[in-house]
Amino acid sequence: MIKVGILGVGTVGTSVARILIENSDIIEARAGKKIVPILGAVKNIDKKRDIDIALTDNPYDIINNDDIDIVVELMGGVEEPYILVKKALQNGKAVVTANKALLAYHRYELQEIAKDTPLLYEASVAGGIPIIGALRNGLSANHIESIKGIMNGTCNYMLTKMIKEGVRYDDVLKEAQELGYAEADPTFDVGGFDAAHKLLILGSIAYGIDAKPEDIVIDGIENITQTDVEFAQEFGYEIKLLGIAKKVDSGVEMRVHATLIPASSMIAKVDGVMNAVSVVGDSVGETMFYGPGAGGDATASAVIADIVDIVRGNSGPMLGYKKGLESGLKLLPKDEISSQYYLKIKVKDKPGVLASVASTMGEYGISIESMLQKPSRYKDRVRLLFTTHLCKEKKMLKAIKALRGLESVDDNITMIRIEK
Ligand code: HSE
């Protein structure tokens, strides 16, 4: 019998313990051994929980427990779980974690500490979708050309409700929290950090990029308005929060941002809390993974898949490679990425203004792809909407600064990147 200790018995921890018990027949059949959750560590031992499992408020009762074979870390946070996971590995216990923030900061140190002790993390990216397994195992014959996806269920749920039902941002965020999709601090969701943590993990498996959140572009959905959603649709796009990692001539681009994507694309049709990740490999071509990206049971499904792999003796190297990946692949600095852009600029409605905006963009080498002029709430103002051809982010940021300096242009310029 394999004994499991769970650090953190919240939404996901409760589901893990319950599914291990309720589905014990199929899990035992697949793993070859009975797997039993024997102890959970929680902060508040008096809080009522929907699961019957022995509890402690001292995580070391699990970490130092000779009876426990596998430690499941579901506490959240970074430094406290890092210390606990490290200690568990040093005690020779296999570890399963769903903690993307922990891995975004410490995956390489943990790989070093773990060595041959299994440390798996399927649930850390895209909840119930087996995307880590796909990249580590199923696609191991491929050089990965790109990874693009919806990796945050809360943002996708919110954008879908805003787009389809016109629900206000604050109301829909509250709903997502009540449904258990959002992080404890939902700014991690709407600010793009949760998706960035996930992208960093995928970037390591696909390209061996050792980067931290501060090294990549992270823009959330906080500034997306109903107007942007409607204007995007006029240009034939939907707005989604995407995580993107792709190989370009000069290195690897990694970024998370609200993105205009063609309304006809498969990812544009992914609604609600669902996640979807497209991976393009040089042998296989494009593959697409779709499923629930958040929620207790869906995430627990991925946690238990890792437990089963460990029990089968099937865990493999933590980041999926035994030697360095493609040598020389470097992460591009944030302002060296290239994109097409959507710009919304509010200007005074008078002769020559459009020409001055267009000529400023021209001065910075930005080529306009299409343009619309829309009335604004204020009589003397109009909104200019542009989409541009591909250009370096560096040029775009400089152009926006220059546009803000023009006498007839309002400071508040909206920039959204476009991905085709
Ligand atoms: N808050 C996350 C999401 C949960 O909304 O996708 C899963 O990581």
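Each helix and strand in the protein was counted, giving 14 helices and 17 strands. Computed over C-alpha atoms, the radius of gyration of the protein comes to 23 Å, within 12% of the 22 Å expected from 2.2 N^0.38 for 420 residues, which places it in the range of a compact globule. Dimensions of the protein along its principal axes, counting C-alpha atoms only, are 80 × 50 × 35 Å. Buried positions account for 55% of the 420 residues belonging to the protein. Sequence-distant contacts in the protein: of pairs separated by 6 or more residues, those separated by 24 or more amount to 73%. Put simply, the protein shows about 18000 Å² of open surface, and 49% of that area lies on carbon and sulfur atoms. On the protein, the mean spot of the 50 positive side-chain charges and the mean spot of the 57 negative ones are 4 Å from each other.

Split by domain assignment, the protein resolves into domain 1 (2–130), domain 2 (133–290) and domain 3 (334–418). Inter-centroid distance (C-alpha atoms) of domain 2 to domain 3 is 25 Å. With 20 residues of domain 2 at the interface, the matching set in domain 3 holds 17 residues. Carbon and sulfur atoms supply 63% of the area buried between domain 2 and domain 3, which totals about 1700 Å² over both sides. Three residues stand out in domain 2 for area buried against domain 3, namely Phe231, Phe235 and Leu260, and they jointly supply 35% of the buried area on that side. The partner of Lys374 in a salt bridge is Glu234, with the nearest N and O atoms 2.8 Å apart. Listing elements by their share of the side of domain 2 that touches domain 3, those giving two or more residues are α11 (226–234), β9 (237–248) and β10 (251–262). Ranked by residue count, the leading element in the side of domain 2 that touches domain 3 is β10, at six residues. A class-by-class count of the residues in the side of domain 2 that touches domain 3 yields nine nonpolar, four polar and seven charged.

This part takes up the nonpolar core. Counting 85 residues, the largest nonpolar core has Ile131, Ile147, Ile221 and Val279 as its most contacted members. Top contributing element to this core by residue count: helix α10 (residues 193–207), with nine residues. In this structure Ile147 touches Leu135, Leu202, Ala206, Gly243, Ile244, Ala245, Val277, Ser278 and Val279, once residues within four positions along its chain are discounted. Core analysis: the second largest hydrophobic core is formed by 30 residues, Ala98, Leu120, Ala300 and Val308 among them.

Summarising burial for strand β11 (residues 274–281): seven of the eight residues are buried, a large majority. Bridge count between β11 and strand β12 (residues 285–292): eight bridges; the pairing is antiparallel. Each bridged residue has a counterpart across the sheet, and for Ser278 the counterpart in β12 is Met288. Linking β11 back to β12 in an antiparallel pair, the connection comprises three residues.

Angle between the axes and distance between the axes are the two parameters that describe a pair of packed helices. Across the interface, helix α1 (residues 11–22) lies against helix α12 (residues 296–312) with an axial gap of 8 Å and an inter-helix angle of 60 degrees. If you check the angle between α1 and α12, you find them oblique. In this structure, α1 crosses over α12, and the sense of that crossing is right-handed. In this structure, α1 uses Thr11, Val12, Ser15, Val16, Arg18, Ile19 and Leu20 to contact α12, whose residues at the interface are Gly296, Asp297, Thr299, Ala300, Val303, Ile304 and Ile307. The residue inventory of the contact of α1 with α12, partitioned by class, reads eight nonpolar, four polar and two charged.

With that settled, consider the pattern of salt bridges. Under the defined criterion, the tally for this structure stands at 29 salt bridges. In this structure, the salt-bridge partner of Asp194 is Lys198, at a minimum N-O distance of 2.5 Å. With Asp194 and Lys198 both in helix α10 and four residues apart, the pair spans about one turn of that helix. The class for Asp194 is buried, based on a relative accessible area of 2%. When the shortest N-O distance is used, the salt bridge between Arg312 and Asp309 registers 3.5 Å. Of the two residues, Arg312 and Asp309 both sit in helix α12, three residues apart, roughly one turn of that helix. One salt-bridge network, in which partners are shared between bridges, spans Lys148, Lys246, Glu253, Arg255 and Glu419.

Moving on to the sheet that holds strand β3 (residues 55–56). What holds strands together in a sheet is hydrogen bonding between their backbones, with the strands either parallel or antiparallel. Spatially, β3-β2-β1-β4-β5-β6 is the arrangement adopted by the six strands of the open sheet, whose pairing is parallel. Either end of the sheet is taken by a strand with one partner, and the two such strands are β3 and β6 (119–120). For strand β1 (residues 2–7) and strand β2 (residues 35–41), the ladder comprises six bridges, and the chain directions are parallel. Bridging across to β2, Lys3 finds its partner in Val36.

On to helix α13 (residues 353–363). Note on helix geometry: an α-helix contains 3.6 residues per turn, so any two residues three or four positions apart are oriented the same way. All buried positions along α13 are accounted for by Val353, Val357, Thr360 and Met361. Looking straight down α13, one finds its buried side chains confined to an arc of 100 degrees; they lie on one side. In this structure, α13 carries Ala355 and Glu363 as exposed residues pointing more than 90 degrees from its buried face.

Here the focus is the packing of aromatic side chains. Taken as a whole and judged by the stated rule, the model has three aromatic pairs. For the pair Tyr157 and Tyr181, a centre-to-centre distance of 5.4 Å together with 70 degrees between the ring planes defines the contact as edge-to-face. One end of the pair, Tyr157, is in helix α7 (residues 153–165); the other, Tyr181, is in the loop between α8 (169–178) and α9 (187–190), with 24 residues separating them in the sequence. With respect to burial, Tyr157 and Tyr181 carry one shared label: buried. Taking 6.3 Å as the distance between ring centres and 85 degrees as the angle between the ring planes, the aromatic pair formed by Phe235 and Tyr342 counts as edge-to-face. With Phe235 in the loop between α11 and β9 and Tyr342 in strand β13 (residues 338–348), the pair connects residues that are 107 residues apart, well separated along the chain. Each member of the pair, Phe235 together with Tyr342, is buried.

Calculation notes
- Residues numbered from 1 in each chain as written.
- Predicted model: local features only at pLDDT ≥ 70, side-chain atom pairs only at ≥ 80, totals over all residues.
- Heavy atoms only, no water.
- Helix = DSSP H or I, 4+ residues; strand = E, 2+ residues; numbered from the N terminus.
- Rg over C-alpha atoms; globule rule 2.2 N^0.38 Å.
- Buried < 20%, exposed > 50% of the residue type's maximum accessible area, 1.4 Å probe, protein only.
- Contact = heavy atoms within 4.5 Å.
- Areas by Shrake-Rupley, 256 points an atom, 1.4 Å probe, with all protein chains shown as cover.
- Lys, Arg positive; Asp, Glu negative; His and termini not counted.
- Charge placed at Lys NZ, Arg CZ, Asp CG, Glu CD.
- Domains from an automatic or database assignment.
- Buried area = accessible area lost by both parts, 1.4 Å probe.
- Salt bridge = Lys/Arg side-chain N within 4 Å of Asp/Glu carboxyl O.
- Nonpolar A, V, L, I, M, F, W, Y, C, P; charged D, E, K, R; others polar.
- Core = buried A, V, L, I, M, F, W, Y, C linked by side-chain atoms within 4.5 Å.
- Pairing = 2+ DSSP bridges.
- Axes fitted to C-alpha atoms, helices over the stretch in contact; angles between N-to-C directions.
- Parallel < 35°, antiparallel > 145°, perpendicular 65-115°, else oblique.
- Left-handed = near helix turned anticlockwise from the far one by under 90°.
- Arc of directions from axis to C-beta.
- Phe/Tyr/Trp six-rings, centres within 6.5 Å; stacked < 30°, edge-to-face > 60°.

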